Every structure is written in C-alpha cells, then in structure tokens.
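An overview of the molecular structure
Here is how the chains run, residue by residue.
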Amino acid sequence: MPRIRVLSDRVANQIAAGEVIERPAAVIKELVENSLDAGATRIEVEFRHGGRSYLRVEDNGCGMSKDDALLCLERHATSKIVETADLDTLGSFGFRGEALPSIASVSKFELQTRPADAAAGTEVLVNGGKLVHVRECGVAPGTRITVTHLFHAVPARRKFLKSDATESAHIIQTVRLYALACPQTAFTLVEDGRVLFQSPACTTLEDRVAEIFGRQFTADSLAVDASDEGLRLTGLIGKPGVSRAARHEMITFVNHRPVDSRTLNYALIESYTTSLPKGRYPVAVLFLEMNPAAVDVNVHPAKREVRFRSEGQVRGFVIRTVLQRLREFGLGAPVVETPGPEAAARSAERFAEWQRVSTFAPPPPSPSAAVASAPVPAFAPRPEVAGNLAPPPAAASPAIRPPHSEIRLPPGASRLAGWRFLGTAHGDFALFESPAGVVIVDRRAAHERVWFERLVAQFATGQVESQRLLFAVPVELDPVASAMLLDRLPWLARHGVDVAEFGRNFFRIEAMPSWLEPEGAERFLRDVLALMRDGRLDEKNPRLAEDEFARLAAQKAVRLPDTISEADALALVAQLFACAQPHTSPQGRPTHFELSRGELARRFQR
Ligand code: ADP
Ligand code: MG
C-alpha cells in the first residue's frame with residue numbers, strides 16, 4: 001500500500017508556483033503588486049532575455065524589517081489580511097501570501113529591503129527554496145527583489161516558455177497594465193539594459209494612456225465618469241466607429257486591479273452593438289470601483305478573474321453609462337470607418353506625432369511617408385504581377401479592374417448554357433433563369449468563395465500578387481502584437497504582406513496583396529494580428545493557417561458594386577462553378593440555391 005506523507009514546504013511551494021507563476025511576466029505581476037501594496041511611488045522593473053535569466057523589481061515603498069524579510073518567504077505569510085472576513089474590505093492587490101515563497105522555490109531569489117527608519121537593510125538569498133544566507137546590507141529605503149535562473153530546477157515549466165520576444169512582450173504588457181492602474185506611481189521598465197518605457201507620476205489617466213498607447217488613442221476616446229448605487233465607472237472609451245478585430249484593447253480594472261471579466265467585456269460589447277460593425281470590438285480603459293464586499297477576487301490564484309455578487313447590477317450600470325456617453329457624443333449613430341484619401345496623410349501625421357512623443361525614436365521615415373498627402377495615386381502595381389492574373393470582375397479595386405471585354409470565362413462557363421440574368425434583388429442577390437428553374441446567388445458569398453480559392457491556389461504555387469505601396473503605412477503596435485508580428489514577418493511576406501520593423505513596436509507596411517486598397521492596409525494587418533492572437537495562424541499547421549488567412553483576405557477583397565451587368569453576373573457564376581466547393585462561402589454560408597421548375601409548379605398549384 002502506498003504510504004501517505006505530508007509534502008515538505010519546498011515541494012508544496014513548487015506546486016503552488018505552478019499555479020501562480022506560469023511565466024516570467026507572472027513574477028513581475030506579483031512583485032509589482034507587492035511594491036504598490038507597499039505604498040511605492042516609484043517602481044523600476046528590469047529584465048533580460050524575456051525574463052528567463054534575470055528579473056528585478058525595485059521600489060521605494062515601506063520596506064521590511066529583518067524578521068519580516070524572513071517571514072515573507074514562509075507559505076501563507078501576509079501582512080494584508082488576518083481573517084477571511086478581511087477580504088470584504090480588501091484594499092490591497094495581495095492577500096494569499098503565496099507569491100514570494102512560490103517564486104523563491106523555483107528560482108534563485110535575492111531580497112534586499114530596508115524600512116525608512118532602520119539603520120541598515122537586510123539581504124536574504126534563497127536558491128530553489130533553500131535559504132542560502134541572511135545578512136545585513138546597505139540599501140536605500142524600499143525593497144529590491146532580484147530573480148535569476150527562473151524555472152532552472154523545473155524543466156517541465158521551462159519547456160512551456162515561448163520565445164524571448166514573446167515572454168518579453170508579456171512582461172511589457174503586464175507593466176503597462178499596472179502603470180495604467182496606478183498613474184500616480186512613476187514606472188521605469190528596462191530590457192537588456194535599454195529603457196523601454198519611463199513614465200513619471202501622471203496626474204491624469206489621459207496622460208498615462210497617451211504615454212502608453214500614444215496620443216491617437218486618447219484622441220479617439222471619450223472620457224467617462226458616472227456613479228450609481230455604490231458603483232463608479234471612470235476611464236476612457238473609444239468613440240463610435242473606433243474598433244479592433246479582437247478584444248485586447250478592452251482593458252478593465254475593478255478596484256484598480258486589472259481583471260479579465262466576462263461581465264464587463266460583454267457589457268462593453270453590448271453597448272457598442274449599434275455603433276460598431278459586427279465582429280469588431282471596442283477599445284476602452286475602464287475603472288470600476290465598488291464595495292470590495294460586492295466582488296470576489298479570490299476565484300483564481302492569479303486573481304485575473306473576478307466574480308460580482310450582483311452581475312446584473314454591474315452589467316446594467318456599465319451598459320447605461322457607456323450608452324449614455326456614446327449618445328451624448330453623437331447619438332450613438334453608426335460611424336463606419338471609411339478610410340478616405342486623407343487616411344495616408346493622417347497616418348503620416350500620426351507618425352510625426354508618435355516620433356515627437358516617443359522616448360525611443362526610430363530612424364527617420366522614408367521620404368514617401370513625409371509627402372503622403374501629395375495628390376498622386378496611392379499605389380503602383382508591381383510590373384511583374386500586373387496583368388498576368390486578371391482579377392475577377394466586380395471584386396477588384398477600381399484601379400486594377402479590367403474592362404469587361406477582357407473577361408475570360410472560366411471552365412464553369414460551359415455549365416451556363418441557357419442561363420439568363422434577370423437582375424438583382426436587394427443589392428446582394430443576383431437572380432437567374434436556368435434551364436432547370438430559377439437560381440438566386442448571394443453575390444457576396446459567391447465572390448468570397450471565388451477569391452478564397454484563388455488565394456489558396458496562389459499560396460500553393462507561391463505566386464502571390466503583391467504590390468509595393470508608394471507610401472509605406474506606419475503602424476504602432478502594442479508589445480505583444482509586435483512580438484508576434486516579428487516572429488511571423490517572413491511568413492507574411494510569402495503571403496504578400498511586406499512589413500518592416502523600424503524601431504521598437506513600430507512597423508511599416510511596405511507591400512500588400514494587390515486586391516487590398518492601401519487605405520485598408522493597417523486595418524488588415526491588425527485583423528491578421530488578431531487571428532494570430534487567437535492562435536488561428538498556427539505555424540505548426542501551415543495549411544490551416546493559409547486557409548484562415550485566405551478567408552480573412554477574401555472578405556477584405558470583396559467590394560460589391562451597386563449595379564452589375566449581365567456579363568459580370570454570368571462571369572461570377574461561371575467562376576463560382578469552376579470552384580472546388582461552389583456551394584458554400586469560405587465561412588460556410590450557402591452561395592446560391594435553385595428553385596426548380598417542379599417546385600415553382602407545385603407552389604402555383606399548376
Ligand atoms: P501577499 O502579497 O499575498 O501578502 P506575498 O508573498 O506576495 O503575499 O508577500 C508576502 C508579504 O511580504 C507581504 O504581505 C508584505 O508584507 C511583504 N512584502 C512583499 N513585497 C514587499 C515589498 N516590495 N515591500 C514591502 N513589503 C513587501
Ligand atoms: Mg503579493
């Protein structure tokens with residue numbers, strides 16, 4: 001019979017570490033939270049190699065006595081609560097007393113700390129959960145924690161770490177979240193000896209947001225401040241029409257803790273249903289304040305999730321507040337993002353602005369970006385691709401759309417003998433008489449299918465239509481997106497999207513597939529990034545990734561003209577029938593259906 005033993009503290013801590021400390025960014029999260037709980041007004045974070053080899057968090061907070069410095073490494077040792085009832089009045093980030101012992105159990109952990117009124121500081125060194133030494137040391141008041149060799153003794157954990165760039169992006173994102181949560185605290189973030197981000201104490205959230213996401217973000221936002229029945233909502237929400245393809249810029253805090261709350265996310269999305277196109281997400285940095293007793297933060301050890309005692313009340317309050325603000329701004333009228341000729345000028349402006357406010361200026365922009373407002377065509381087709389693949393009619397951008405006489409009917413055309421185009425109904429539907437009855441074609445679905453198969457075929461042969469943009473489009477991304485993008489630059493280039501990095505988190509779109517309007521380049525790239533975030537452009541499964549990419553591209557490529565000629569209509573159906581799967585759109589919607597003569601006769605009781 002197996003014998004039962006009580007686990008040693010060291011093993012118990014290592015197991016707990018599995019829950020709390022899943023990656024270097026989690027160490028940073030716990031340490032920064034502790035610094036904020038200690039009342040720090042200045043926090044410096046440094047890391048190397050995505051945090052694998054070195055992490056340091058230093059603060060000017062209250063520091064610890066020698067006894068506390070030892071005690072804080074014991075499991076369940078905390079200064080923040082005494083009994084569970086204290087959770088109801090919790091004003092701190094921490095309360096579980098597990099972070100420090102967990103981190104120390106899976107790394108080499110050095111703590112130096114000194115309360116302001118103590119003559120000397122204390123240094124504690126722990127290696128893989130074993131105490132190495134405790135001694136006096138000279139340090140400034142506050143606390144400095146240095147973590148090296150993270151997961152050294154836990155190879156299973158190390159294996160799950162992603163590339164340095166990805167881990168680094170998570171760390172940067174974490175620090176940004178806390179910098180947003182506490183604008184009055186000065187933050188410095190250093191990677192491999194280089195200052196990435198330095199923000200003095202800010203008096204307003206707008207200033208902090210502008211430092212973190214750029215001035216464009218604040219210019220595109222509306223300030224919110226409302227209270228009702230013990231709830232208060234403050235922060236910034238995107239103006240109607242400002243949207244993203246994924247929800248990563250919906251940032252929410254509850255009592256200043258960054259949270260990932262279904263209730264809040266849904267409330268936000270719902271508030272925007274009439275002011276954003278379907279499938280797009282709003283942007284927001286929102287702070288909900290409420291009685292701590294009305295929210296449970298102890299749902300998960302990492303405390304990212306929260307549970308509200310009264311979900312309905314919170315949801316209703318957020319929706320009411322956001323809707324009210326949107327209505328005040330423009331009566332919530334749908335403002336669809338329509339990139340006009342000013343778009344290029346605007347991005348050049350934004351770029352200049354970015355250069356002005358950025359602490360790490362990139363190399364100077366290409367001369368083309370500087371003169372982007374000049375009245376010249378927005379792109380020039382690459383000579384080697386223009387013309388050798390005629391795009392399907394009615395779907396290509398006007399500049400490269402061939403005259404109708406050039407339409408070559410594909411093989412599917414032979415099936416169209418006896419077909420007659422009757423006209424369109426409600427814009428989207430094309431009606432035909434066929435020998436067997438009446439056929440109704442969803443033009444959009446049909447076009448998307450044609451484009452999809454065409455793109456997949458191009459990918460398979462490596463002959464992707466792409467064109468250099470006359471004016472490279474500058475794009476500033478958040479660090480997580482930047483890291484993902486960097487990993488996938490060669491893949492994207494092979495698929496017609498040429499993006500170059502030129503400065504941290506700053507990119508230039510230099511070439512785009514020729515079916516895309518240059519004005520849509522930035523949005524397309526952001527949508528591609530959203531697919532990457534959702535793991536839908538998986539490198540390990542190139543076929544699936546290409547399908548996903550083509551599916552998105554097909555949606556973007558299709559612009560339906562209001563009117564359609566008989567030649568165009570028949571060519572579309574011919575191309576559709578030449579497809580391997582003519583019956584459904586890439587999203588699985590039907591492309592057409594037929595009412596047979598028999599069915600017609602039955603309906604009219606002939
Ligand atoms: P918790 O934050 O849940 O209390 P931790 O393991 O993170 O648990 O920290 C244990 C204790 O160590 C804290 O309660 C606090 O008293 C002390 N401590 C940790 N970090 C700091 C710091 N940077 N400055 C002052 N005290 C700290
Ligand atoms: Mg803590």
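Whatever comes next refers back to the structure up there.
Presented here is an overview of the structure given in this document. (Residues numbered from 1 in each chain as written. Chains lettered and ligands numbered in written order. Predicted model: local features only at pLDDT ≥ 70, side-chain atom pairs only at ≥ 80, totals over all residues. Heavy atoms only, no water.)

Considerations on the overall build of the chain
Helix and strand counts for the chain come out as 18 helices and 22 strands. Taken over 606 residues, the chain has a buried fraction of 51%. Long-range pairs, those at least 24 residues apart, make up 70% of the contacts in the chain between residues at least 6 apart in sequence. In the structure as shown, the chain presents an accessible area of about 28600 Å², 53% of it carried by carbon and sulfur atoms. (Helix = DSSP H or I, 4+ residues; strand = E, 2+ residues; numbered from the N terminus. Buried < 20%, exposed > 50% of the residue type's maximum accessible area, 1.4 Å probe, protein only. Contact = heavy atoms within 4.5 Å. Areas by Shrake-Rupley, 256 points an atom, 1.4 Å probe, with all protein chains shown as cover.)

What about helix α6 (residues 164–181)?
Helix length check: α6 (18 residues) gives 26 Å between terminal C-alpha atoms against 26 Å at 1.5 Å per residue, within 8%. α6 sits mainly inside the fold: 15 of its 18 residues count as buried. (Expected span 1.5 Å × (residues − 1).)

Description of the nonpolar core
Soluble globular proteins: nonpolar side chains tend toward being buried together. V32, F109, V147, F187 and V285 are the most contacted members of the largest nonpolar core, which has 58 residues in total. The element best represented in this core is α6, accounting for eight residues. When residues of this core are assigned to domains, at least three fall in each of domain 1 (9–193) and domain 2 (206–329). For F109, the contacting residues outside a window of four places in its chain are L73, L100, I103, A104, V124, L125, V126, I145, T146 and V147. (Core = buried A, V, L, I, M, F, W, Y, C linked by side-chain atoms within 4.5 Å. Domains from an automatic or database assignment.)

A short note on the pairing of strand β10 (residues 231–238)
Counted residue by residue, β10 has seven buried out of eight residues, so it is predominantly covered. Bridge count for strand β9 (residues 221–228) against β10 is eight bridges, and the pairing is antiparallel. Residue pairing in the sheet places D228 in a bridge with L231 of β10. (Pairing = 2+ DSSP bridges.)

Points about a nonpolar patch on the surface
On the surface, L7, V11 and I15 cluster together into a nonpolar patch covering about 260 Å² of accessible area. Examined against the element boundaries, L7 turns out to sit in the segment before α1 (9–20). (Patch = residues over 30% accessible without salt bridge, like charges linked within 9 Å, V, L, I, M, F, W, Y side chains within 5 Å. Salt bridge = Lys/Arg side-chain N within 4 Å of Asp/Glu carboxyl O.)

Comments concerning the site of ligand 1
Around ligand 1 there are 20 residues in total, and N34, T78, S79, K80 and G97 lie nearest to it. One nitrogen or oxygen atom from the side chain of D59 is found 2.9 Å from a nitrogen atom belonging to ligand 1. One nitrogen or oxygen atom from the side chain of T78 is found 2.5 Å from an oxygen atom belonging to ligand 1. Of the residues forming the shell around ligand 1, the biggest block, three residues, is contributed by helix α4 (residues 99–105). (Near = heavy atom within 4 Å. Polar contact = N/O pair within 3.5 Å; in protein donor to acceptor, adjacent residues only side chain to side chain.)

Some details on the environment of L87
Turning to its location among the elements, L87 is positioned in the loop between α3 (66–71) and α4. Along the primary structure L87 and P292 are separated by 205 residues, whereas in three dimensions their C-alpha atoms are 7.4 Å apart. With near-sequence residues (within four places) excluded, L87 lies in contact with I81, F95, P292 and N298.

Topic: the packing of helix α14 (residues 479–494) against helix α15 (residues 521–533)
One can describe the packing of α14 onto α15 by two numbers: an axis separation of 10 Å at closest approach and a directional angle of 100°. Viewed along their axes, α14 and α15 adopt a mutual orientation that is roughly perpendicular. Seen from α14, the contacting residues are V480, A481, M484, L485, R488 and L492; seen from α15, they are L525, V528, L529, M532 and R533. Here the contact of α14 with α15 is composed, by residue class, of nine nonpolar, no polar and two charged. (Axes fitted to C-alpha atoms, helices over the stretch in contact; angles between N-to-C directions. Parallel < 35°, antiparallel > 145°, perpendicular 65-115°, else oblique. Nonpolar A, V, L, I, M, F, W, Y, C, P; charged D, E, K, R; others polar.)

Let's talk about the sheet that holds strand β21 (residues 506–513)
On the basis of which strands lie adjacent, the open sheet formed by three strands has the order β19-β21-β20 and antiparallel pairing. Looking at the sheet topology across the chains shown, the edges are occupied by β19 (466–476) and β20 (498–501). Here the strands of the sheet are splayed against their neighbours by 20° on average, with no regard to which way each runs. Alignment of β20 against β21, held across four bridges, turns out to be antiparallel. Bridge pairing in β21 places A500 opposite R508. Its contacts with the sheet put α14 on β20 and β21, and the angle it makes with β20 is roughly 140°.

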